[in-house]
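Architecture and fold: a report
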Amino acid sequence: MVISTQLIVLSKQSYRESSLLLAGLSPDCGKLSLVANGAQKLSAKNFPAVDLFRELEVEFDDGGNSDLHTARRLEIATEFDAIASNPRHFQMAGRIGSFLLKNAVPNVPLPYTYDAFKSVLSQLCAPPGTPDCWNMVQCSVVIKTAYLYENGLLPEATDPRQNDFLENLVAAGIENSALPACRPDYWKSLNEWLSSLLDFHHLAR
């Protein structure tokens, strides 16, 4: 069976003489691992240059017996290459990518987390001084909240306003829109609370 989906590349390794092993996040497949046979050949028309933090349209054969699938086509959909121009942003993207690879599960869709990650990558690519651009703490909060919310791990708050804030935060992450308003110092405490939830649920960071 041939499956079509999107993939944000989070890991790339050479395999044999001319192939690549890729792993990343898919909205439909969760953690997705692919082997792209011949992808390192200059004449590989079905496999354009793939690199970290690029979003690809992919087609692969799903034999159903393994979590490693054979790619038939990889096509660049969105490039987030500008992240590499800012070492701190590149490291931040790497930490998030590591978190997702460790905690996403094959064949468990993560559409909210996927869209939130795309939004974070877009924000990290924004030129310095871009109005209303998310800072790195806010990027961390967005991805943690989206992941915990989507997996049913975000506890119900006693204050309805807190629940509304978190739901609006998830929506902003998915839509790459303005974050809900709060005190500037609240982002740090919220990030620490979310980190404590990750630890409580024994999620790798």
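Now for the environment of F90. Tracing the backbone through its elements, the reader meets F90 in helix α1 (residues 87-103). With near-sequence residues (within four places) excluded, F90 lies in contact with L52, F53, I83 and A84.

Bringing the sheet that holds strand β4 (residues 54-61) into the picture now. Pairing in this closed barrel of 5 strands is mixed, and the strands run β1-β2-β3-β5-β4 around the ring. On average, each strand axis in the sheet is tilted by 50° relative to the strand beside it, whichever way the strands run. Looking at chain direction, strand β1 (residues 2-15) and strand β2 (residues 19-26) are connected through 7 bridges and run antiparallel. Residue K12 lies in a different strand from β2, and its bridge partner there is L22.

Pairing geometry for β1 and β4, over 7 bridges, is antiparallel. Its bridge partner lying in β4, I3 is registered against F60. Between β4 and strand β5 (residues 68-79), which pair antiparallel in sequence order, lie 6 residues; one of them, G64, sits at a positive phi of approximately 85°.

With that settled, consider the nonpolar core. One finds L10, F117, L121, L124, L169 and L190 to be the most contacted residues of the largest nonpolar core, which totals 44 residues. Listing elements by their share of this core, those giving two or more residues are β1, β2, α1, α2 (111-125), α3 (136-150), α4 (160-175) and α5 (186-200). For L10, the residues in contact, after removing those within four places along its chain, are A23, G24, L25, L52, F53, G97, L100, L101 and F117. Among the nonpolar cores identified, the runner-up in size contains 14 residues, and V9, L20, L22 and L74 belong to it.

Packing of α4 against α5 leaves a shortest axis separation of 14 Å and a crossing angle of 90°. Put simply, α4 runs roughly perpendicular to α5. On α5, the residues that touch Q162, F165, L166 and L169 of α4 are Y186, W187, L190 and W193. For the contact of α4 with α5, the class distribution of residues is 7 nonpolar, 1 polar and no charged.

Glancing now at the packing of aromatic side chains. One pass over the full model with this rule turns up 5 aromatic pairs. Judged by centre distance (6.3 Å) and plane angle (25°), the rings of Y112 and Y149 are stacked. Placement of Y112 in helix α2 and of Y149 in helix α3 is noted, with a sequence separation of 37 residues between them. You can call Y112 partly exposed: its relative accessible area is 37%. Ring-pair connections join several aromatic residues into one group, and the members of that group are F165, Y186 and W187.

Moving on, we come to α5. Here α5 spans 21 Å end to end across 15 residues, near enough to the 21 Å set by a 1.5 Å rise per residue. On its buried side, α5 packs onto α1, α3 and α4. H202 occupies a position one or two residues after α5 and carries a positive phi of about 60°.

In this section: the confidence of the model for the protein. Across the protein, the average pLDDT comes to 92, with 95% of residues at or above 70. Mean pLDDT per element in the protein: β5 is the minimum at 92, and α2 is the maximum at 98.

Procedures and definitions
- Residues numbered from 1 in each chain as written.
- Predicted model: local features only at pLDDT ≥ 70, side-chain atom pairs only at ≥ 80, totals over all residues.
- Heavy atoms only, no water.
- Helix = DSSP H or I, 4+ residues; strand = E, 2+ residues; numbered from the N terminus.
- Contact = heavy atoms within 4.5 Å.
- Pairing = 2+ DSSP bridges.
- Axes fitted to C-alpha atoms, helices over the stretch in contact; angles between N-to-C directions.
- Core = buried A, V, L, I, M, F, W, Y, C linked by side-chain atoms within 4.5 Å.
- Buried < 20%, exposed > 50% of the residue type's maximum accessible area, 1.4 Å probe, protein only.
- Parallel < 35°, antiparallel > 145°, perpendicular 65-115°, else oblique.
- Nonpolar A, V, L, I, M, F, W, Y, C, P; charged D, E, K, R; others polar.
- Phe/Tyr/Trp six-rings, centres within 6.5 Å; stacked < 30°, edge-to-face > 60°.
- Expected span 1.5 Å × (residues − 1).
- pLDDT = per-residue confidence, 0-100.

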